[in-house]
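# Report on the structure
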Amino acid sequence: MSGEIVFNTGMVGYTETMTDPSYKGQILCFTYPSIGNYGVPSMDNLDEYGLPKYFESDRIQTSGIIVNNLSTVSSHWTCTRTLDQWMYEERIPGITNIDTRELTKKIRSHGVMSGKLIMDGSSSSLLDKFDYDSCNFMPEVSISEPRYYGNKNDNNSKIVLIDTGTKYSIIRNLLKLGFNVVRLPWDSTINEILSYDPVGVVISNGPGDPILCNETITTASKVIEKSIPTLGICLGNQILALAGGAKTHKLKFGHRGQNKSCLDLDSKITLITSQNHGYGVESNSLLDTEFEVWFKNIDDNTVEGIKHRSKPIIAVQFHPEASPGPDDCLYVFEKFKELVKKTEKVIS
Ligand SMILES: NC(=O)CC[C@H](N)C(=O)O
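As recorded in an unreviewed UniProt entry, the protein chain goes by the name Carbamoyl phosphate synthase small chain, listed as coming from Candidatus Nitrosocosmicus franklandianus. According to its UniProt record, the protein chain has this under Subunit (unreviewed entry): "Composed of two chains; the small (or glutamine) chain promotes the hydrolysis of glutamine to ammonia, which is used by the large (or ammonia) chain to synthesize carbamoyl phosphate. Tetramer of heterodimers (alpha,beta)4."

Dropping the structure here:
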């Protein structure tokens, strides 16, 4: 199995992490030395909205995982199987007994690179190349037909969620705000979006290089033109930046973990965020656009959020929905709701 080798420094949350569609095409190395301790819960554990509580999509999305010590004895009240059993059922390979901290040092000094997990005795060649950056994963992670969440018969306003590989927690947080959610395919046009009469648009997280999401970028530029209240999350942040005329670039080894500190330039408060991204918005390229920096990463000063200078459009590079990770940034969803409400008032 080939993939881009990336590392994540989180200590918990492997079921949420491994089912995050943004990991499509990647082999994930966990730096925390012992993985699998609390096993894997059942997919049948649903929240009040009918969404799986402990998973971010319906399957494992990583191409494979690399761990130091794989716990084969798991203990937790939600545990129904071991991590190893779950991976076997889903036919996802993994490798254990690797010094993952040493491997991480290599990735940090060299930058992310492609790799392959090969079974003993397999005829698979190490020579065929895998080029993560040129893969468009959208058809694999998005949906082909619209899906509706919430109660069709209530009068709650609708948010269109453009699914570029969404995590369930994004849907959950929009429902918690009191909205109904229409989830649409990644290549939906502006007219398809408007046909649902939404009060706002959310562009989700997702895998791969944002510049390959041409269709979504075109739609996002129309959303900006029409001043529709919009929230971009991770890939959605990059797509909005590109649609607004800014540039994105690949980071040397990305940000993947649950304790990444970011500065909110509005409140001057530093927050601990959950992150999973390998690309970023180029800070200087924002200068000639209608967007400005909203959040900055404390470690390397990279852009972690942007907002439109005059329109109700905001976006974050980190994950306000966390899952896994701290809830410090849930206020980003509240901020989006405020923008929606303000715009509704102006229109009515
Ligand atoms: N989690 C995401 O949405 C990731 C966005 C993009 N694929 C990146 O790696 O930067």
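Still more to cover.
## Points about the site of the ligand
Taken together, the neighbourhood of the ligand is formed by 13 residues, with Gly206, Gly208, Asn276, Gly278 and Tyr279 sitting nearest. Between the ligand and the protein, one listed contact pairs an oxygen atom with a backbone N or O atom of Leu235 at 3.0 Å. Here the ligand, which alone exposes 300 Å², has 99% of that area covered by the protein. For the ligand, the cavity whose grid points lie within 2 Å of the majority of its atoms is the largest cavity. Sorting the residues of the shell around the ligand by element identifies α8 (235-243) and β14 (269-281) as the ones contributing at least two each. The element best represented in the shell around the ligand is β14, accounting for four residues.

## Considerations on the environment of Lys296
If you trace the backbone, Lys296 turns up in strand β15 (residues 291-297). When its relative accessible area of 31% is taken as the criterion, Lys296 is described as partly exposed. Counting along the chain gives 13 residues from Lys296 to Ser283, while the straight-line C-alpha distance between them is 9.7 Å.

## Description of empty space enclosed by the protein
Remark: the empty space left among the atoms is shown by a probe the size of a water molecule rolled over them. Enumeration according to the criterion identifies two cavities of 30 Å³ or more in this entry. In this structure, the largest cavity is lined by 17 residues; those nearest its centre are Tyr132, Gly206, His277, Gly278 and Tyr279. Secondary structure elements with two or more residues in the lining of the largest cavity: α8, β13 (248-264) and β14. At four residues, the largest contribution of residues to the lining of the largest cavity is made by β14. Class assignment for the residues of the lining of the largest cavity results in five nonpolar, nine polar and three charged. Composition of the lining of the largest cavity by domain shows at least three residues from each of domain 1 (2-134) and domain 2 (142-347). Reported here for the second largest cavity is a volume of approximately 90 Å³. Along its surface, the second largest cavity is lined by 15 residues, and Thr17, Asp20, Ser274, Asn276 and Pro324 are the ones closest to its centre.

Reading the values: the criteria
Residues numbered from 1 in each chain as written. Predicted model: local features only at pLDDT ≥ 70, side-chain atom pairs only at ≥ 80, totals over all residues. Heavy atoms only, no water. UniProt positions renumbered as here; feature names shortened; annotations may be inferred. Near = heavy atom within 4 Å. Polar contact = N/O pair within 3.5 Å; in protein donor to acceptor, adjacent residues only side chain to side chain. Areas by Shrake-Rupley, 256 points an atom, 1.4 Å probe, with all protein chains shown as cover. 1 Å grid on protein atoms, 1.4 Å probe; cavity = no way out; pocket = protein on both sides within 12 Å on 5 of 7 lines; lining within 4 Å. Sits in = over half its atoms within 2 Å of the grid points. Helix = DSSP H or I, 4+ residues; strand = E, 2+ residues; numbered from the N terminus. Buried < 20%, exposed > 50% of the residue type's maximum accessible area, 1.4 Å probe, protein only. Points joined across faces, edges and corners; volume = space filled by probe spheres on them. Nonpolar A, V, L, I, M, F, W, Y, C, P; charged D, E, K, R; others polar. Domains from an automatic or database assignment.

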